[in-house]
Amino acid sequence: AGRENKLGKVILQTRQPQHPVLLDLIRPNGYQIYAQQALLARKQAELPPFSYQALLRVRSLKILHINEFFSALEEFIIKSSTETMLILGPISAPMEKRGGYYHYQLLFQSLKRQGLHQVLAALIAVIETLKIAQKVQWQLDVDPISLL
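Not measured: the values here are computed from a predicted model.

Caption draft 1: Representation of the overall build of the protein. Secondary structure assignment for the protein yields four helices and four strands. Put simply, the protein runs from its N terminus to its C terminus through helices and strands in the order α-α-β-α-β-β-α-β. Computed over the C-alpha atoms, the radius of gyration of the protein is 20 Å, more than 25% above the 15 Å expected from 2.2 N^0.38 for a compact globule of 148 residues. The buried share of the protein, reckoned over its 148 residues, is 26%. Contacts in the protein between residues at least 24 apart in sequence constitute 64% of all its contacts with a sequence separation of at least 6. A gap of 9 Å separates the mean positions of the 17 positive and 11 negative side-chain charges of the protein.

Structure below.
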């Protein structure tokens, strides 16, 4: 797409050439306008960068172990859900089963980073006491790039 002062050429392939977002982006200054609108929508929805997220990913060869793991965390999840801490899930990942493993996740979202980190520290402490945690693989992703 161009080097230094040389003009580049970008080719977009789409099944929806009349999609409003695409039409906005190809107009002069379209990206700036789109970015402003997208940021406004994210602010109104309290999504990053206007809030903070962490994703607890859990996988196991046996769905029973995942269910037991999240059941053991149920009291913690209920207690930690507040006006400033939104906890969504647990739900299956978009690709629930990959490589023989079941994949589930739990999303934490807060308007305050400090509050999020306090809950995550408490979560880790609880998980470390659970016997069932030895039968699953879990990962905590702070500021996840993707929710997949």
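After that view of the structure, there is still more to cover.
Caption draft 2: Structural context of a nonpolar patch on the surface. Together, Val10, Leu12, Val21, Leu25, Ile26, Tyr31 and Tyr34 make up an exposed nonpolar region whose accessible area comes to about 690 Å². If you list the elements that add at least two residues to the nonpolar patch, you get α1 (20–26) and α2 (30–44). Sorting elements by how many residues they give to the nonpolar patch places α1 first, with three residues. Inspection of the secondary structure puts Tyr31 in helix α2. Given the relative accessible area of 55%, Tyr31 is considered exposed.

Here is what the cut-offs are and how they apply
- Here the residue numbering is sequential within each chain, running from 1 through the sequence in written order.
- Thresholds applied to this predicted model are a pLDDT of at least 70 for local features of residues and 80 or more for the giving and counting of side-chain atom pairs; totals over whole chains, interfaces and linings are not thresholded and use all residues.
- Hydrogen atoms and water are omitted, and side-chain values are computed over all heavy atoms in the structure.
- Runs of E in the DSSP output that reach at least two residues are strands. Runs of H or I that reach at least four are helices, and both are numbered from the N terminus.
- Computation of the radius of gyration draws on C-alpha atoms, with the globule rule given as 2.2 Å multiplied by the number of residues to the power 0.38.
- Only protein chains enter the calculation, and the probe is 1.4 Å; a residue is then buried if its accessible area is under 20% of its type maximum, exposed if over 50%, and partly exposed in between.
- Contacts are assigned to residue pairs that have any heavy atoms within 4.5 Å of one another.
- In this count, Lys and Arg are taken as positive residues and Asp and Glu as negative ones, while His and the chain termini are left out.
- A single reference atom marks each charge: NZ on Lys, CZ on Arg, CG on Asp, CD on Glu.
- Put simply, a patch holds well-exposed residues, over 30% relative accessible area, that have no salt bridge, with like charges counted together within 9 Å and Val, Leu, Ile, Met, Phe, Trp or Tyr side chains within 5 Å.
- Surface accessibility in these figures is a Shrake-Rupley result with a 1.4 Å probe; residues are shielded only by whichever protein chains are displayed.
- A carboxyl oxygen of Asp or Glu within 4 Å of a side-chain nitrogen of Lys or Arg is what we treat as a salt bridge.

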